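Take a look at the letters that make up each chain.
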Amino acid sequence: MSSGKLSHSVAILLKALSLGYQFGFEIMEVTGLPSGTVYPALRRLERDGLVSSQWEPDEEATKEQRPARRYYELTRVGKEAESTATKRYPLLSRLLPEKLVKSV
Amino acid sequence: MSRGVHEDEEMEGESGSGVSGSGVPASLDFLALRVLPLASRLVPAVRRADWAREWQAELWQLRHDGRRSRGVDFSSAMSLAYGLVADAAWLRLDWTRDSMRGSAAACLYTLTAYCLLCAAMELEVAGSWHSFWHVVGAHFFGSFLFVAVPAMVAAVGTYPLRPLRCDHAHIGAKKRLSARTRWNLFLAAKIALTLILGFLATLVATVPARMVVGKYADWVELLLASVLVTVGLRWALLNQEQRCQKCLRMMGQPTRVGPPSRNFLEWNGMELVCTEGHGLLHVPEMQGSWCWYDVWVELEPGWGGIFGS
């Protein structure tokens, strides 16, 4: 996916990931995008190599007494796309707050 | 890592009953216990367990966070259900697109779609089914047949002499039809559809000429039909050569092998690989007595993991 062809919602998603939001509901909550947009977009970004995902270690999830989550993060190409999107949509930085604490 | 949907549901039920209590909206239970298993059937089998596990974890998060779960009303639950199904459907669509890419079925579907499109355009011009069949019959037996047969002879007769066939019995091929039968059936279907498409495309393309110059447009039609049939058949034969003999997918990942300066010592040319890892196709750049034709090299199933995508 060319960074020049990023839609608004994908740009928001990349920004959210770059700010440290890592899993589906967290991203939905901070961006306000519906699940029908967020999940297919994450799959597409992962297929195109802009995002990678990995399962949280089972021990960590067990310690917090919940099922393990699938965490998403930007790849190198994704970071480049995100910085291009931020230059193109400067208001993105003001739209989404930086993630301060790790959510439980 | 990959647990089944039902196993996850059990885990969900056990942990959920202890933590969430009565504060969890019924719509979330409905999503986790009814919509999720149904939607998971849409997801391709290879990704189903992972997908279900991810959604279970996400729904768990929502159900066990009091602030979030209180905010879930009917409309947001419906939106979530839509997202769940949309996600599953996207994975199915993407998987189908990937598995169809370069396949024999995709080739036949595409040719059929073009035939139907041309037929629909001709039907629109003809105005009725009766006129349509009349035009088709008159042009097929009146002109196309006389052009198509010589064009077919020209296309096949001038084709470079190569063994256009499925070479031999294939390792692990345990399907209802043998690899060779499927190979020949596909070639026959492709040629038939190409000819039909050539005929219908000629009819559609000469409509403006028919309107302007009347019956003299038959000459344009004859010329166009002969070109389309020759080019179409050459394409069908060439396309067949570039397919895996086992799964009939288009071979890909072309790689140059050997320097041309060593042509007398070893072969040089292009090597193509089946995306499923069934085999390699050696296409010599220069023909020699030791490498006259394209050579199909079948790989043992163990190689599939290395060469397959």
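Note that the structure is a prediction, hence the values are computed from the model and not measured. (Residues numbered from 1 in each chain as written. Chains lettered and ligands numbered in written order. Predicted model: local features only at pLDDT ≥ 70, side-chain atom pairs only at ≥ 80, totals over all residues.)

Concerning the overall build of chain A
- Assigned secondary structure in chain A consists of 6 helices and 2 strands.
- Ordering the α and β elements of chain A from the N terminus gives α-α-α-β-α-β-α-α.
- Residues classed as buried in chain A amount to 32% of the 104 residues present.
- The long-range fraction of contacts in chain A, counting pairs at least 24 apart against all pairs at least 6 apart in sequence, stands at 62%. (Helix = DSSP H or I, 4+ residues; strand = E, 2+ residues; numbered from the N terminus. Buried ≥ 20, exposed ≤ 12 C-beta atoms within 10 Å, placed from the backbone. Contact = placed C-beta atoms within 7 Å.)

Points about the nonpolar core
- Core analysis: the biggest nonpolar cluster contains 42 residues, and Leu13(A), Val38(A), Leu31(B), Leu36(B) and Leu84(B) have the highest contact counts within it.
- At the level of elements, α1 (8–18), α2 (24–31), α3 (35–47) and α5 (76–88) of chain A together with α2 (26–40), α3 (45–64) and α5 (74–100) of chain B are the ones that each hand at least two residues to this core.
- Of the residues forming this core, the biggest block, 7 residues, is contributed by α3(B).
- The contact partners of Val38(A), leaving out residues within four places of it in the chain, are Leu13(A), Gly24(A), Ile27(A), Met28(A) and Leu33(A).
- Membership of the second largest hydrophobic core comes to 18 residues, among which are Cys118(B), Val147(B), Ala155(B) and Leu228(B). (Core = buried A, V, L, I, M, F, W, Y, C linked by C-beta atoms within 7 Å.)

Focus on the pairing of strand β2 (residues 269–274) of chain B
All names here are of chain B.
- In the sheet, strand β1 (residues 251–257) pairs with β2 via 5 bridges, with the strands oriented antiparallel. From the neighbouring strand, Thr255 faces β2, where its bridge partner is Glu271.
- Pairing of β2 with strand β3 (residues 279–284) involves 5 bridges; the strand directions are antiparallel. When the bridges of β3 are listed, Met270 appears paired with Val283. (Pairing = 2+ DSSP bridges.)

Thoughts on α2(A)
- All buried positions along α2(A) are accounted for by Gly24(A), Phe25(A), Glu26(A), Ile27(A) and Met28(A).
- Buried residues along α2(A) sit in contact with α1 and α3 of chain A together with α3 of chain B.
- Trailing α2(A) by a residue or two, Gly32(A) shows a phi angle of about 80 degrees, which is positive.

Observations concerning the environment of Leu6(A)
Residue and element names in this part refer to chain A.
- Note that Leu6 resides in the segment before α1.
- In the structure, Leu6 is positioned 79 residues away from Ala85 in sequence and 7.4 Å away in space, judged by C-alpha atoms.
- In this view, Leu6 contacts Ala11, Ala81 and Ala85; residues no more than four positions away in its chain are not counted.

Describing the interface of chain A and chain B
- Listed by partner, the interface residues are 15 residues for chain A and 19 residues for chain B.
- Listing elements by their share of the side of chain A that touches chain B, those giving two or more residues are α2 and α3 of chain A.
- Top element by residues in the side of chain A that touches chain B is α3(A). It accounts for 6 residues.
- A breakdown of the residues in the side of chain A that touches chain B according to their chemical character gives 7 nonpolar, 3 polar and 5 charged. (Nonpolar A, V, L, I, M, F, W, Y, C, P; charged D, E, K, R; others polar.)

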